[in-house]
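# Structural overview for review
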Amino acid sequence: MLAFAIRRLLEAIVVMLTVALIAFALFRYVGDPVNQMVGQDATLEDRAQIRRDLGLEDPPYAQFARFVANAVRFEFGISYQFKQPVTAMIADRFPATVELALAAALFAVALGILMGVYTGIYRDSWLSKVFLAVSLVGISLPTFLIGILLIYVFSVWLNVLPSFGRGEAVNLGFWRTGLLTASGLKALILPAITLGLFQMTLVTRLVRAEMLEVLRTDYIKFARARGLPERAINFGHALKNTLVPVITVIGLQLGAIVAFAIITETVFQWPGMGLMFIQAVQHADIPVMAAYLLLVAFLFVLINFIVDLIYVRIDPRIRILGRGA
Amino acid sequence: MSGVPNRAGFPPPPTPPRKGEGNPVAPVARTRYPKWVDSDLMYSFTRSKLVVAAALLTALMVGAAFLAPLIAPHDPYDLKTLDLLNADLPPAWVGRGEARFLLGTDDQGRDILSTILYGTRVSLLIGLCSVLLAIGLGVTLGLWAGYAGGRIDSFIMRIADVQLTFPAILTALLIDGVALAIFKNYRLEGGKFWVLVISIGLAYWVQYARTVRGVTLVERNKEYVEAARLIGLRPVKIMFQHILPNVLSPVLVIATINLALAIITEATLSFLGVGLSPTEPSLGTMIQVGNRYLFSGSWWMVAFPGLTLAMLALAVNLLGDWLRDALNPKLR
């Protein structure tokens, strides 16, 4: 277990350094940082002075080392576009994205497991067919179209839910939450459904396939023979054994949710990191792009790492394999 | 094979040599490839009405898109024919709609139907080009990694693993963003097409590389490869002429599903405002523009391009699903 964890950790560090290198190359070579900081009328001497002050004359590896050291301390420089420290911008928007992503994941998991179990048990009922047809549509429709559709139905047509923004947010020290006000919760519904729909269909299909597999096994037959109630068989015995792949997929999909939050946040003008990133891309705001890239990479690597560890805890087969290696 | 009605015009198909059995010297068997595609695949194809419908829909949309200059009632690129007085007209069957604009007009007075036809063409072209790029890159790297093994293999696969950590849309967005940052001082009207193709192509090569590498690892130890090596063929020739044909069916399956993904990715990037500019209509830019007018009730500007995009993606996805089951390649 420990050896496995250490090996994974080393791999994670390699991935992070690779991403840091890409981010550094972006930061250093794509846009000229000096041009962005001084006015049009700065003299050549001024520019040279700034270059020296910023350490841009140092050898590249020294600059890279400094970049990594700064990144570890969460310092990513000043945004070209807003002239603010990138760290402050991220701190401002991070809670919004996290709340949206968690709400979407909760929606996807809760509804996905329910629908998956239902379609797995009653595979021929008409409701199961409806669920599966919906899930096919959910996989084929692009996220932004789903968002637009929901906005049209619930905001323009029925006029019951807000179509943009986060509603009223409450300040809890370092965390601005929208979960404590009625308008904040209302504003969360449509974006969370939009973001979670794809993952919900994924969970539904996965749970259904696993349930079909498990329900055929001998121990389920035995449980039936013992006269256990259907509920205990379906949820206590069958569902429990479908959860290993589901947990892995959900963990990995959490990363995808953060990435797709970019689209959802743009559609709903949700003031999170994704919207910030898109605006940075549109305006070639390199420091923000580099910071977002590193942060998301860190998040992904962390999630992968945790999923791997949980997997080993849950599935004894991997533990034995790991011991052999 | 048994009991398959022979479709008119086809000679009775020879028994298809299946992979892994029979003659291991595959080149002989390969010359019959097109015929067994006709028999085996066509059989499972005609069995599912859904798949036939999806294929017809795809063919219809692709055909209409590529014939756009001939069948479109208006030319959205021809600025002379645009009239702002025609802007924002609803479809012909609604209120003040006019018969010459069947699906209504957009904010600049362009006919939606014609713009969809031209836009689908752009979307399909970007999708096809980026899939070809992804195939070229992924298959080459996969073959190389699988055939060479050792350090090259672990290096290529390491890159693939790192890239696989991130969703493809993020990679595409990032490459796109970097390209825009590099070229922001140049006027990039036609160039944005290729920026998109490269961004999307580079985002999706990993799956090809992993699959092809997996199959290559198996194939390279087979006798026909050994024979080719013995007669002194160069590795490049062995990889591309001998191994490549044996890895093509999984590649075809991935490519079909990839095409749907690539079209959606293009639409998404254009919708996010980092793809094509609104003067070059694609399905994504049309939806982006239409989205701004949603609140004024002009639903047709979003609805018809959106519907086209959804149907195209759904049809191609269905075809891909069917192809995966029918070819049953080594995709797990």
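Just so we're clear, the structure is a prediction, and the values are computed from it rather than from any experiment.

Another point: the overall build of chain A. Looking only at helices and strands, chain A has 13 helices and 2 strands in total. Across its three principal directions, the C-alpha atoms of chain A cover 90 × 60 × 35 Å. Burial status across chain A gives 38% buried among its 325 residues. Put simply, 70% of the contacts in chain A that link residues at least 6 apart link residues at least 24 apart.

The next point concerns the overall build of chain B. Regarding its fold elements, chain B presents 13 helices and 0 strands. Taken from the N to the C terminus, the helices and strands of chain B come in the order α-α-α-α-α-α-α-α-α-α-α-α-α. For chain B, the residues scored as buried account for 44% of the 332 residues in total. Put simply, 69% of the contacts in chain B that link residues at least 6 apart link residues at least 24 apart.

Turning our attention to helix H11 (residues 235–271) of chain B. Residue and element names in this part refer to chain B. The terminal C-alpha atoms of H11 lie 44 Å apart, and with 37 residues this falls more than 12% below the ideal 54 Å at 1.5 Å per residue. By the largest-angle criterion, Leu244 marks the main kink of H11, which is about 60°, and a proline, Pro245, follows within four residues. Most of H11 sits out of view: 26 of its 37 residues are buried.

On to the interface of chain A and chain B. Contacts between chain A and chain B engage 30 residues on the former and 32 residues on the latter. At the level of secondary structure, the elements contributing two or more residues to the side of chain A that touches chain B comprise helix H1 (2–30), helix H7 (143–157), helix H10 (230–268), helix H11 (273–282) and helix H12 (286–314) of chain A. Considering only residue class, the side of chain A that touches chain B consists of 24 nonpolar, 6 polar and no charged.

It is worth spelling out helix H6 (residues 126–140) of chain A at this point. Look at H6(A): 21 Å from first C-alpha to last across 15 residues, which is about the 21 Å you get at 1.5 Å a residue. By the burial criterion, the buried members of H6(A) are Phe131(A), Ser135(A) and Ser140(A). Those residues of H6(A) that are buried are in contact with helix H5 (86–121) and helix H8 (182–215) of chain A together with helix H13 (300–327) of chain B.

To continue, consider the packing of helix H5 (residues 112–148) of chain B against H11(B). Residues and elements named next belong to chain B. Contact geometry of H5 with H11 gives a least axis separation of 7 Å together with a crossing angle of 145°. Considering the relative orientation of H5 and H11, their crossing is right-handed. Here H5 contributes Ser123, Leu124, Ile126, Gly127, Ser130, Val131, Ala134, Ile135, Val139, Leu143 and Tyr147 to the contact with H11, which in turn contributes Pro235, Met239, Ile243, Leu244, Val251, Ala255, Asn258, Leu259, Ala262, Ile263, Glu266 and Ala267.

Turning our attention to the environment of Tyr80(A). Residues and elements named next belong to chain A. Here Tyr80 lies in the loop between helix H4 (60–72) and H5. Tyr80 gets classed as partly exposed once you count the C-beta atoms within 10 Å, which come to 19. Along the chain, Tyr80 and Gly116 lie 36 residues apart, while their C-alpha atoms are 47 Å from each other.

Attention now moves to the environment of Leu26(A). Mapped onto the elements, Leu26(A) comes out in helix H1. Placed 261 residues apart in sequence, Leu26(A) and Pro287(A) show a C-alpha to C-alpha distance of 8.6 Å. Once residues within four sequence positions are removed from consideration, Leu26(A) is found in contact with Ile286(A), Met289(A), Ala290(A) and Val178(B).

Residue and element names in this part refer to chain B. Here chain B averages 78 in pLDDT, while 80% of its residues score no lower than 70. Mean pLDDT values for the elements of chain B range from 47 in helix H1 (residues 26–30) up to 91 in H5. Considering only residues more than four positions removed or in separate chains, one finds that residues 15–29, a stretch of pLDDT under 50, has 14 contacts. For this predicted complex, the interface score ipTM comes out at 0.78, alongside a pTM of 0.79.

A few words now on the packing of helix H12 (residues 283–292) of chain B against H13(B). Between two packed helices, what matters for the description is the angle formed by their axes and the separation of those axes. Residue and element names in this part refer to chain B. The N-to-C vectors of H12 and H13 enclose an angle of 150°; their axes lie 8 Å apart at closest approach. Judged by the inter-axis angle, H12 sits roughly antiparallel to H13. Note on packing geometry: the crossing formed by H12 with H13 is left-handed. Here H12 contributes Leu283, Met286, Ile287, Val289, Gly290 and Asn291 to the contact with H13, which in turn contributes Met301, Val302, Pro305, Gly306, Thr308 and Leu309. Here the contact of H12 with H13 is built from residues that sort into 8 nonpolar, 4 polar and no charged.

So, about the environment of Met311(B). Looking at the secondary structure, you find Met311(B) in helix H13. Residue class for Met311(B) comes out partly exposed when judged on the 16 C-beta atoms lying within 10 Å of it.

So, about unusual backbone geometry. All names here are of chain A. Phi at Asn159 is positive, roughly 55°, even though this residue is not glycine. Here Asn159 is to be found in the loop between H7 and strand E1 (170–172). The exposure class assigned to Asn159 is exposed, which follows from the 9 C-beta atoms found within 10 Å. Unusually for a residue other than glycine, Gln269 sits at a positive phi of about 50°. Structurally, the position occupied by Gln269 is in the loop between H10 and H11.

Calculation notes
Residues numbered from 1 in each chain as written. Chains lettered and ligands numbered in written order. Predicted model: local features only at pLDDT ≥ 70, side-chain atom pairs only at ≥ 80, totals over all residues. Helix = DSSP H or I, 4+ residues; strand = E, 2+ residues; numbered from the N terminus. Buried ≥ 20, exposed ≤ 12 C-beta atoms within 10 Å, placed from the backbone. Contact = placed C-beta atoms within 7 Å. Expected span 1.5 Å × (residues − 1). Bend = angle between axes of the 7 residues up to and from the residue. Nonpolar A, V, L, I, M, F, W, Y, C, P; charged D, E, K, R; others polar. Axes fitted to C-alpha atoms, helices over the stretch in contact; angles between N-to-C directions. Left-handed = near helix turned anticlockwise from the far one by under 90°. pLDDT = per-residue confidence, 0-100. Parallel < 35°, antiparallel > 145°, perpendicular 65-115°, else oblique.

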